[in-house]
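Residue-level listing of the chains:
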Amino acid sequence: MTLCSTLLAFSLSGLLTFFLYLYQGSQELTSEVYMALFDILKFWFVIFWSFTILIALFRSLKYLFNSCINGFELKLLSCDEKSYIEKIGYGDLVRVWRKWLMLLIWLVSALVILALVYTYIFSSYGGLFEWFDIYTLYAFILISGYLSFILMSSRCKKVKIRPC
């Protein structure tokens, strides 16, 4: 998931930077132009990474439902809630994805609040944006993703963990 979202964000920001370079008249490549192109690439990378992480999360969710990991697998119950859907596609996962995404948002928010309380009590940082950046947010998303599987399997009636 990390590699997929990073590569997709880098390729999209690289393409946009290249098209902006061409649109501006393809100036001679000097050190100033390289620095400007690099700054544009960094700016768009952060923006695209925010969107590609959602795409990577959705793609990884299908993989998790269709594979056996360490002897266990996630299964999605059908409408009658008695039989399992064996081969899951993206259309089957839309409702689960919405619940999972909202759970991730709440878990990330809770982690940010806990980290903020921790920094106020045990560190010299005075505000949220002195230590909070995209990499911290990404770490919180990964931690929340781990916690969400525990909560989704126990709370969501449509998702069950079973041995494979």
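Source: prediction; values computed, not measured.

Cut-offs and rules
Residues numbered from 1 in each chain as written. Predicted model: local features only at pLDDT ≥ 70, side-chain atom pairs only at ≥ 80, totals over all residues. Heavy atoms only, no water. Phe/Tyr/Trp six-rings, centres within 6.5 Å; stacked < 30°, edge-to-face > 60°. Buried < 20%, exposed > 50% of the residue type's maximum accessible area, 1.4 Å probe, protein only. Helix = DSSP H or I, 4+ residues; strand = E, 2+ residues; numbered from the N terminus. Pairing = 2+ DSSP bridges. pLDDT = per-residue confidence, 0-100. Contact = heavy atoms within 4.5 Å.

Turning our attention to the packing of aromatic side chains. If you walk through the whole model with that rule in mind, you get 7 aromatic pairs. An aromatic cluster of at least three residues, connected via ring pairs, comprises Phe45, Trp49, Tyr135 and Tyr138.

On to the pairing of strand β1 (residues 72-77). The buried count for β1 comes to 5 of 6 residues, which makes it a mostly enclosed element. Where β1 meets strand β3 (residues 159-163), 5 bridges bridge the pair, whose relative direction is antiparallel. What sits directly across from Phe72, in β3, is Pro163.

A separate point is the confidence of the model for the protein. Averaged over every residue, the pLDDT of the protein is 82; the share at 70 or more is 91%. Across the protein, helix α1 (residues 2-23) holds the top mean pLDDT of 91, while strand β2 (residues 84-85) sits lowest at 69.

Now for the side chain of Ser13. Locating Ser13 in the fold gives a position in helix α1. On the basis of relative accessible area, Ser13 is assigned to the buried category, the value being 0%. Those residues in contact with Ser13 that sit more than four places away from it in its chain are Leu41, Trp44, Phe45 and Phe48.

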